[in-house]
Amino acid sequence: MNEVQFNEGDTVIKQGDDGEVLYVVDSGELNCFKCFKEGDEDTFLKTYVAGDAFGELALLYNAPRAATIKAKTNAVCFSLDRETFNNIVKVSF
């Protein structure tokens, strides 16, 4: 896993983008937003805090990102790339 630092306001994941990594929050807070209908404003869903993980759905299902994640505060996360994630999942079965 690689350490990644985000500043307050940074977009970590953008809804609709390809998913390349999963993130685990080490410190800070990150907000999750989803646009349910094109043209509407994003809807706040939740805040991720230390110990939470996000981004796994795009890796599991090889699908576009389902939501946007933005740093609410300065944050440190650890990223896990798709290839490593897939190898871990395969070994667990």
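Here we summarise the structure given alongside this text.

One pass over the structure, following the stated rule, counts 4 aromatic pairs. Geometrically, the ring pair formed by Tyr 48 and Phe 54 is tilted, given 4.9 Å between the ring centres and 40° between the ring planes.

There is a patch of nonpolar side chains on the surface, built from Leu 57, Leu 60 and Tyr 61 and spanning about 340 Å² of accessible area. Tracing the backbone through its elements, the reader meets Leu 60 in helix α1 (residues 56-61).

So, about the layout of surface pockets. By volume, the largest pocket amounts to about 240 Å³. Around the largest pocket, the lining is made up of 15 residues, and of these Tyr 48, Gly 55, Leu 57, Ala 66 and Ala 67 lie nearest the centre. With 3 residues, the single largest contributor to the lining of the largest pocket is α1. Each residue belonging to the lining of the largest pocket can be placed in one class, and the counts come to 12 nonpolar, 1 polar and 2 charged.

With respect to the helices and strands, Arg 82 occurs in helix α2 (residues 82-91). Despite its burial, Arg 82 remains without a salt bridge, the nearest opposite charge being carried by Glu 20 at 4.3 Å. When neighbours within four sequence positions are excluded, Arg 82 is seen to be in contact with Gly 19, Glu 20, Ala 58, Leu 59 and Asn 62.

Strands sit in the order β1-β8-β3-β6 across an open sheet of 4 strands; the sheet is antiparallel. Of all the strands in the sheet, just β1 (2-6) and β6 (53-54) have a single pairing partner and so form its edges. Summarising the sheet, β1 and strand β8 (residues 75-81) pair through 5 bridges and their orientation is antiparallel. The residue of β8 that forms the bridge with Val 4 is Cys 77. Across the sheet, α2 is in contact with β3 (21-27) and β8; its angle to β8 comes to roughly 65°.

Scoring rules and cut-offs
Every chain begins its residue count from 1, and numbering advances along the sequence as written. Residues qualify for local features only when their pLDDT is at least 70, as the model is predicted, and side-chain atom pairs are given and counted only at 80 or more; totals for whole chains, interfaces and linings, by contrast, use all residues. Only hydrogens and water are set aside when side-chain values are computed; all heavy atoms of the structure are taken into account. We call Phe, Tyr and Trp rings a pair once their centres come within 6.5 Å, taking the six-membered ring for Trp, and we label the pair stacked below 30 degrees between planes, edge-to-face above 60, and tilted otherwise. Patches here: salt-bridge-free residues with over 30% relative accessible area, like charges joined within 9 Å, nonpolar side chains (Val, Leu, Ile, Met, Phe, Trp, Tyr) joined within 5 Å. Method for areas: the Shrake-Rupley scheme with a 1.4 Å probe, in which residue coverage is limited to the protein chains shown. We define a salt bridge as a side-chain nitrogen of Lys or Arg found within 4 Å of a carboxyl oxygen belonging to Asp or Glu. For helices the rule is a DSSP run of H or I covering at least 4 residues; for strands it is a run of E covering at least 2, with both sets numbered from the N terminus onward. The rule is simple: put a 1 Å grid over the protein atoms alone, call a set of points where a 1.4 Å probe fits but cannot get out a cavity, call an open set with protein on both sides within 12 Å along at least five of seven lines a pocket, and count a residue as lining if it has an atom within 4 Å of a point. Grid points are joined across faces, edges and corners, and a volume is the space filled by probe spheres set on the points. When residue character is reported, Ala, Val, Leu, Ile, Met, Phe, Trp, Tyr, Cys and Pro are called nonpolar, Asp, Glu, Lys and Arg charged, and the others, Gly included, polar. The classification of residues rests on relative accessible area computed with a 1.4 Å probe and restricted to protein chains. Under 20% of the type maximum is buried, over 50% is exposed, and intermediate values are partly exposed. Under the convention used here, Asp and Glu are negative, Lys and Arg are positive, and both His and the chain ends fall outside the count. Residue contacts follow a heavy-atom distance rule, with two residues in contact if any of their heavy atoms lie within 4.5 Å. Any two strands with at least two DSSP bridges between them are considered paired. With axes taken as lines fitted to C-alpha atoms, and helix axes fitted only over the stretch in contact, angles between N-to-C directions fall between 0 and 180 degrees.

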